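What follows is the residue order along each chain.
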Amino acid sequence: MARRPIRWLVPALLVLVWLAVGGGLGPYAGKLTEVSTNDQAAFLPQSAESTRALEVQERFREDATQPLIVVWTADGKNVTPEQGAAATQALASLRGTEGVVGTPTPSIPSDDGRALQGVVQLGPDVEGSLGETLDRIGSAVAVDGLRAQLAGPAATRADLSDAFAGIDGLLLGVALITVLIILLAVYRSVLLPVIIIGGAVFALGLACAVVYFLADRDIVRVDGQVQGILFILVIGAATDYALLLTARFREELATTGDRFTAGRVALRRSFEPIVASAATVALALLALLLSGLTNNRALGPVGAIGIACAALSALTFLPAALVLLGRAALWPAKPRPADAADAADAADAAGAAGAEGRGIWSRVATLVDRHPRRLWIATILPLVGLALLAPQLNARGVPLDETFVNDAPSVAAQATLSEHFPGGSGQPAVIVVPAGRAAAVAETAGDVEGVSDAAAVTRSGRPGDDTPKVVDGLALVEATLDDAPDGDAAQDTVRRLRAALAPENGVLVGGYSAQRYDTTETARNDTLLIVPVVLAIILLILIALLRSLVTPVLLVVTVALNFLATLGVSTLVFTHVFGFTGVDASVPLYGFVFLVALGVDYNIFLMSRVREETAHHGAREGLLRGLVTTGGVITSAGVVLAATFAALVVIPLAFLVQIAFIVAFGVLLDTLVVRSLLVPALVRDLDARAWWPSRLGRAEAGRESRELTGASR
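Residues numbered from 1 in each chain as written. Predicted model: local features only at pLDDT ≥ 70, side-chain atom pairs only at ≥ 80, totals over all residues. Heavy atoms only, no water.

## Considerations on the overall build of the protein
Reasoning step 1: Helix and strand counts for the protein come out as 23 helices and nine strands.
Reasoning step 2: For the protein, the proportion of its 713 residues judged to be buried stands at 56%.
Reasoning step 3: Put simply, of all contacts in the protein between residues at least 6 apart along the chain, 80% involve residues at least 24 apart.
Reasoning step 4: About 28,900 Å² of surface is accessible on the protein, with carbon and sulfur atoms providing 59% of the total. (Helix = DSSP H or I, 4+ residues; strand = E, 2+ residues; numbered from the N terminus. Buried < 20%, exposed > 50% of the residue type's maximum accessible area, 1.4 Å probe, protein only. Contact = heavy atoms within 4.5 Å. Areas by Shrake-Rupley, 256 points an atom, 1.4 Å probe, with all protein chains shown as cover.)

Structural data, given as structure tokens:
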């Protein structure tokens, strides 16, 4: 009797600790924006040529600046000289005003006479008030009879800030409401969804507090994209782990009737697959530290912290809360044992006609048992067909007019600019040259296909001045490109420029288009490096968990096939449904890390239960029992994770929309097809050989041998 109060003490303390964590650290989910940066220049490949060129460019500026391009149009009419003079005067009036560095350029007319452009340099001190600064400048440059628009890096950055504004509240609200609706529909319980979501929110609060602490000390970097993915990753993973443990608790509670025994057994049986799953995703994310792109490296530790907090919450808060509430946690539903009886029935009925009267997963198990080879062949062929489309995915980046899903002002302004001026106006290729070679390099660059004109940056910046500005023995040549700086054609021009100027020692080609080109190339190299590392990590974890070689290899191959098939589908959907002409260079790598790591999760949940059942019932019945008992919970987890990632579409950026589709569709494909049909059919066809060379496989082979010997007698 004396021990009974002690049994309540540990779970009660755990719940109180997590309630304190939620109350004390929860607000940090809304404070991450304070330590976030959306400066895209900070995420360039550090060793790339364009990055080295940017470092030299900074020496030519007294202050770090970002250009803002003002473009005026007269709605199809020619701009009058009076309007041109008024535009120049408006630009000049900005000199010395808050946020403006140096002297703005005079207005420059377009060749067709229907537009003007001018450049204003903004200082770094406008970061916190960029939107207000642009509004003030927009009012100051108004000219009667002309429409003024703001383009260039500063305007794009302002639109990015607007896109991420309120990300913490909106994204978290959409994700939690989505999860709540799904949990209520699946479990028909009042308290259980609240407990599961509470655990996810506590995990997110802890993760955000840790990330805030590290980011505030410049140990990790956070931007809007990383912040959004962290929210979704923690909510989705914590819910998945909670569903696995809750299903086992419900099963054990129905069998034993004692909440403490049920909680202890559920935790013991779920601990290994949850830890293995979390380790798989966390280590896969940490592999991003090998990336040459700073934003990829930023996501690695931040995502791993989130996964660790999700697993910690699922393994401490959730079992404690379930033990304290007992059957009340499931009310008004009643605890029921797993469909193990149905699994046995499925095995017995494998040769009988029909499977009426049993659950859907018993019918799936019967199908797997009767025709495994026919089933895996019929499943794998369409997946291979879709995978063959994957190489057609254009991963050279998203052009500016597709970066924002909604109509961003900077995109419309850039379109106007490109309509009346050379596509690269305002964002030229910047060539760093030794001072004595500026004229020769400018002449060579001007002859390159795709270059409109090239000229050295002069000391005064005034027309007619041909004296190059020299800093530390270096000069700058600006090459205006014919094509829009964010398109594939501009990247091709950068490649031709570098090839043409390669013989010139000390020449670096940088600028916006070169940065996009280097980012694309770095992302491609990252994929070639990180993909094998992630696959090796996953394979080693699966071998350690399943004590087998055959099944882990099979699982890795199937999740990789699922990823390629998803990319194939994405190629069609992005082009013909969403209208994207390309995807962000990092999307395939992000999609791979998330899909493969998270896809293995569901196979871990399935095969760890199959291994447990095989040890007691043999390979054939063990597979069927594992499939039936985990089918419902894993499918629910997959639907929750897919819906959670789909919530990323509330952020109107093409990158996150693309990630949302790839992960959501891929998770559903993996959950409903690969894990439900392909993997069980392959394991059933292999039978005991699936567990080679473990003792489980040898024991099963010996059992089959004895059964055959007995039958022959």
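Back to the write-up after that little detour.
## A few points about the state of the cysteines
Covalently bonding the sulfur atom of one cysteine to the sulfur atom of another cysteine gives a disulfide.
Reasoning step 1: With the rule as written, the count across this model stands at zero disulfides.
Reasoning step 2: This cysteine, Cys208, is not joined by any disulfide, and Cys309 carries the nearest cysteine sulfur, 8.9 Å off.
Reasoning step 3: According to the relative accessible area criterion, Cys208 is buried, its value standing at 0%.
Reasoning step 4: Judged by relative accessible area, which is 7%, Cys309 ranks as buried. (Disulfide = S-S within 2.5 Å.)

## Here we look at the environment of Ala479
Reasoning step 1: The topology assignment puts Ala479 in strand E8 (residues 474-481).
Reasoning step 2: As a C-alpha pair, Ala479 and Ala454 span 25 residues in sequence and 4.1 Å in three-dimensional space.

## Focus on the sheet that holds E8
Reasoning step 1: The antiparallel open sheet is built from four strands, whose spatial order is E7-E8-E6-E9. Of all strands in the sheet, those with a lone pairing partner are strand E7 (451-456) and strand E9 (508-510), marking the two edges. Averaged over all neighbouring strand pairs, the angle between strand axes comes to 25°, with direction disregarded.
Reasoning step 2: Note: E7 against E8, five bridges, orientation antiparallel. Across the sheet, the residue bridging to Ala455 is Glu478, located in E8.
Reasoning step 3: Strands in contact with helix H2 (residues 49-59) are strand E6 (429-434), E8 and E9; relative to E9, the strand with the most contacts, it is inclined by about 90°. (Pairing = 2+ DSSP bridges. Axes fitted to C-alpha atoms, helices over the stretch in contact; angles between N-to-C directions.)

## Quick notes on the nonpolar core
Reasoning step 1: In this structure, Tyr241, Ile307, Phe594, Met607 and Phe645 are the most contacted members of the largest nonpolar core, which totals 167 residues.
Reasoning step 2: With residues near it in sequence (within four places) discarded, Phe594 still touches Ile229, Leu233, Leu285, Leu299, Gly599, Phe645 and Val663.
Reasoning step 3: Judged by nonpolar contacts, the second largest core, of 23 residues, contains Leu91, Leu134, Ala155 and Ala158. (Core = buried A, V, L, I, M, F, W, Y, C linked by side-chain atoms within 4.5 Å.)

## As for the packing of aromatic side chains
Given two aromatic rings, their pairing is described by the distance between the two centres and the angle made by the two planes.
Reasoning step 1: A complete count under the given rule lists 13 aromatic pairs for this structure.
Reasoning step 2: Pairing Phe574 with Phe578 gives two aromatic rings, centres 6.0 Å apart and planes at 25°, and the pair type is stacked. Placement of the pair is Phe574 and Phe578 together in helix H19 (residues 550-578), with a separation of four residues, close to one helical turn.
Reasoning step 3: Plain terms: the ring middles of Tyr590 and Phe655 are 5.4 Å apart, the flat faces sit at 75° to each other, and that makes the pair edge-to-face. Linking Tyr590 in helix H20 (residues 587-617) with Phe655 in helix H22 (residues 654-686), this pair joins segments that are 65 residues apart in sequence.
Reasoning step 4: A relative accessible area of 4% places Tyr590 in the buried class.
Reasoning step 5: Chaining the aromatic ring pairs together yields one cluster made of Phe574, Phe578, Phe580, Phe661 and Phe665. (Phe/Tyr/Trp six-rings, centres within 6.5 Å; stacked < 30°, edge-to-face > 60°.)

## Structural notes on unusual backbone geometry
Reasoning step 1: The omega torsion of the bond from Trp692 to Pro693 falls at 5°, within 30 degrees of zero and hence cis.
Reasoning step 2: Among the secondary structure elements, Pro693 is positioned in the loop between H22 and helix H23 (695-712).
Reasoning step 3: For Asp472, which is not glycine, the phi torsion reads 55° and is therefore positive.
Reasoning step 4: Note that Asp472 resides in the loop between E7 and E8.
Reasoning step 5: Even without a glycine there, the phi angle at Asp687 is positive, about 60°.

## Some details on the pairing of E8
Reasoning step 1: Across the eight residues of E8, seven count as buried, placing the element largely inside the fold.
Reasoning step 2: Taken together, the six bridges between E6 and E8 define a ladder with antiparallel strand orientation. When the sheet's bridge partners are listed, Val432 is paired in E8 with Leu476.

## Points about the environment of Gly626
Reasoning step 1: Considering the arrangement of structural elements, one finds Gly626 in helix H21 (residues 619-646).
Reasoning step 2: Gly626 gets classed as buried once you look at its relative accessible area, which sits at 0%.
Reasoning step 3: A C-alpha to C-alpha distance of 9.6 Å links Gly626 and Pro680, two positions 54 residues apart in sequence.
Reasoning step 4: Beyond its immediate chain neighbours, meaning those up to four positions away, Gly626 contacts Leu606, Arg609, Val610 and Glu613.

## Some remarks on the side chain of Ser277
Reasoning step 1: For Ser277, the location among the structural elements is in helix H9 (residues 259-286).
Reasoning step 2: Take Ser277: its relative accessible area is 0%, and that puts it in the buried class.
Reasoning step 3: Setting aside chain neighbours within four positions, we find Ser277 in contact with Tyr241, Asp601, Ile604 and Phe605.

## Regarding the pattern of salt bridges
A pair can form between side chains of opposite charge whenever their charged atoms are brought close.
Reasoning step 1: The tally for this structure, following the rule as stated, stands at 17 salt bridges.
Reasoning step 2: Across the pair Glu49 and Arg498 runs a salt bridge whose closest N-O atoms are separated by 3.5 Å. Here Glu49 is found in helix H2, whereas its partner Arg498 is found in helix H17 (residues 488-501), with 449 residues between them in sequence. Residue Glu49 shares its accessibility class with Arg498, and that shared class is buried.
Reasoning step 3: Of the charged contacts, one joins Arg498 and Asp518 as a salt bridge, the two residues approaching to 2.7 Å between their closest N and O atoms. (Salt bridge = Lys/Arg side-chain N within 4 Å of Asp/Glu carboxyl O.)

## Describing the packing of helix H13 (residues 372-387) against H19
A pair of packed helices is characterised by two quantities: the angle between their axes and the separation of those axes.
Reasoning step 1: Remark: H13 packs on H19, axes separated minimally by 7 Å, with the N-to-C direction vectors making an angle of 55°. Looking at the two axes, H13 sits oblique to H19. In this structure, the crossing between H13 and H19 has a hand that is left-handed. Every residue of H19 that contacts H13 at Ile380, Leu383, Val384, Leu386 and Ala387 is listed here: Leu561, Leu564, Ala565, Gly568 and Val569.
Reasoning step 2: Taken together, the residues that form the contact of H13 with H19 break down as nine nonpolar, one polar and no charged. (Parallel < 35°, antiparallel > 145°, perpendicular 65-115°, else oblique. Left-handed = near helix turned anticlockwise from the far one by under 90°. Nonpolar A, V, L, I, M, F, W, Y, C, P; charged D, E, K, R; others polar.)

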